[in-house]
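Given next are the chains, with one letter for each unit.
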Amino acid sequence: GRWRDADPALVEKMLDENKPFTIRFKVPDNARVVIDDVVRGTIGWDAQATVGDFILMRSSGIPVYNFCVAVDDASMGITTVVRAEEHLTNTVRQALVLDALNAPRPRYAHCSLILGEDKQKLSKRHGATSCDQYRLDGFLPDAMINYLALLGWSDGSDNEIFTRDELIDAFELDRVVNSPSVFDVQKLKYINYQHLKMMTVEEVTPLVQEQLELEGLLAPGVSRDDPDVATFAYAATALSKQFMDTTKDAALNAKTVLTYGLPATFADMEDGEAKEMIEKGNFYIVASKILEQYDEGIFPQPDESNLMAAFQDESGAEKENTQPCSFTTEYMKHMKAVSKELGVKGKNLFHPVRLALTGEMSGQDVTKQLSLVALATVENSVLGVVENDMADFAERMTRLKDFVDSIPEEFRAPSKKEDSSKQKAVNDAKAEASAPVAAAPALDDPKDSYDGPPVTALDIRVGRITKVWEHDEADKLYCEEIDVGEEEPRTVASGLRPYLKPEDMQDKLVLVLCNLKERKMVGFPSHGMVLCASNEDHTSVRLVNPPVDAKVGERITIPDFDFKSEDAAPYAENKIGKKKIFEKLAPFLVTNKYGVPEFLGRPFMTSGGICTSPIPEGTVS
């Protein structure tokens, strides 16, 4: 500028005249600033060309940012500066000031920008703009710290889930990469989901209390710290904890459970799974029986004196002398009797029951849902939603009766199509015996329409349980050591204590899903999952049994699927969890009418033959 080499006399004259002025840093000719950036490597600038003679103090007498920062760094002995790449050119000014002060330069690390999912610079248009907003949306502080640490950094392994202490121990600035990271909300939800899984229901409950308030579920004037709110929040958390990505999910799920979604009449139903089920005829019979038993006062309902009993098995704390929930026990026993009386079982019973009682085709355990409804409809309820959208059990029965009365006559008994199909098959067989041989018509293969993740993503192996014992702090869990063909046995925690005795498991061959990340189950390190078959309502759970000649450690195969090529290699543990691969495959893992575990109609195979189970027409998980 014009004053860089001005005559000192002229400068003095201007000062005497009280002319406004700024103080600039006179950059030496041909000065070059070079730094060894931890993230970006060696970077150099021509100082004069990059920043010129930059201002140190404005005409107002206020020093500028870059001067203040450099003086602060020097006076406080700052050793490392970590900041965004946008500050790179500021480093030139600050380094020149520090050099002029004969102060040591700190180590610099300029991290790349964080981008939105559209690959543009992250800004408020991409969503939440404050950490507090993420808290209000149900994200945990530890999960947020965990996720932010992963934006441009890893510890060199596949591990993505860290506690704060683990991050402190693992973090090395040298492992920060210089490529920009994308802020992925779905990845953040996955991290949050993993952190929620590591917490007990008791630990999550206070956070859900806040969400109940934020979602407007509390009655006017009721504080979220009210003990009755805490009780309801505990139940809502226990009901949804296994699938919730955020604490908000527990409140939203509670809204769904408390709302009875059955339409007023059959004519109001939209096309879909529920309508197709009703048209098969079993719903009318089952729902009519429920209404009949309700009118007679014999249909099981939650025990009003102990509405929390249905949720006691979700506690992470040890419970001595805990009795099974009387309502759940009575309900299961009652459903078996209804099944026997009506001659209906499996999905033909439980789908109609669930729709009749909850208004939905799927969801959590029915007894827990009804217990949550009962909690919400007690006298002087702390929930404000009661007055508007919710239906207690009596109201549900009233609506159910109106709906059942509206079902057309042709859908009030099981379809005769199956019987006529069987007779047609017999007639066709007779005709084929006398007719010329012709090519058989092709049958629809579910494999042709399947578009989910490959079943080969799962690493399901034959294992042998070498040791089994009861978890000291969780009355629902067994702890197991399982030989899956590795140098050391796997430790696995299974929630099988309500269904099996230790002697039912000791030394048994089992199937183990091996490519799940190790996680703590109430303090016990669990690395894998024992596959079991269960009936529709999960009242009966049994081990899936490999044949006695199966080899420990061998991977199961499934006919018509390639398990040998490189493309058939199991997914990494991290990918299985992040992409929720097992959750997407689970609806297709079932047992047939003979109890054989299948995927798309094809059995689980080992070198010793087909795997089996004692649960027909069930699910595998």
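Residues numbered from 1 in each chain as written. Predicted model: local features only at pLDDT ≥ 70, side-chain atom pairs only at ≥ 80, totals over all residues. Heavy atoms only, no water.

Peer 1: Before we go on, may I ask you to explain the packing of aromatic side chains in this structure?
Peer 2: Two aromatic rings are characterised by how far apart their centres lie and by the angle between their planes. Across all of its chains, the model carries 16 aromatic pairs by this definition. Between the aromatic rings of Phe 283 and Phe 403, the centroid separation amounts to 5.9 Å while the plane-to-plane angle is 85°, which identifies the pairing as edge-to-face. Of this pair, Phe 283 sits in helix α13 (residues 282-295) while Phe 403 sits in helix α17 (residues 393-406), and the two are 120 residues apart along the sequence. Note on Phe 283: relative accessible area 0%, which makes it buried. Accessibility expressed as a relative area gives 0% for Phe 403, which makes it buried. The structure contains a cluster of three or more aromatic residues connected by ring pairs, namely Tyr 134, Phe 139, Tyr 147 and Phe 183. Cation over ring: Lys 447 sits above Phe 561, and NZ or CZ is 5.0 Å from the ring centre. (Phe/Tyr/Trp six-rings, centres within 6.5 Å; stacked < 30°, edge-to-face > 60°. Helix = DSSP H or I, 4+ residues; strand = E, 2+ residues; numbered from the N terminus. Buried < 20%, exposed > 50% of the residue type's maximum accessible area, 1.4 Å probe, protein only. Lys NZ or Arg CZ within 6 Å of the ring centre and 35° of its normal.)

Peer 1: I would appreciate a short explanation of the side chain of Ser 381 in the present structure.
Peer 2: For Ser 381, the position within the fold is in the loop between α16 (366-376) and α17. Take Ser 381: its relative accessible area is 18%, and that puts it in the buried class. At 2.7 Å, the side chain of Ser 381 and the backbone oxygen of Ala 376 are in polar contact. Within polar-contact distance, the side chain of Ser 381 engages the backbone nitrogen of Leu 383 at 3.1 Å. (Polar contact = N/O pair within 3.5 Å; in protein donor to acceptor, adjacent residues only side chain to side chain.)

Peer 1: What's the story with α17 in this structure? I'm lost.
Peer 2: At 3.6 residues per turn, the α-helix brings residues three or four places apart onto the same side. Given a rise of 1.5 Å per residue, 14 residues ought to cover 20 Å, and the 20 Å separating the end C-alpha atoms of α17 matches this to within 8%. When we look at burial in α17, the residues that qualify are Phe 393, Arg 396, Met 397, Leu 400, Phe 403 and Val 404. Angular distribution of buried residues about the axis of α17 spans 125°; they occupy a single face of the element. Tucked into the core, α17 has its buried residues touching α11 (247-258), α12 (273-279), α13, α15 (347-358) and α16. (Expected span 1.5 Å × (residues − 1). Arc of directions from axis to C-beta. Contact = heavy atoms within 4.5 Å.)

Peer 1: It is not clear to me how the pattern of salt bridges should be interpreted in this structure. Could you clarify?
Peer 2: Evaluation of the coordinates by the stated rule reveals 27 salt bridges. The partner of Lys 248 in a salt bridge is Glu 215, with the nearest N and O atoms 2.9 Å apart. Of this pair, Lys 248 sits in helix α11 while Glu 215 sits in the loop between α9 (201-214) and α10 (227-240), placing them 33 residues apart in sequence. In this structure, Arg 461 engages Asp 459 in a salt bridge whose closest nitrogen and oxygen atoms are separated by 3.0 Å. As far as the burial class goes, Arg 461 and Asp 459 line up, both buried. (Salt bridge = Lys/Arg side-chain N within 4 Å of Asp/Glu carboxyl O.)

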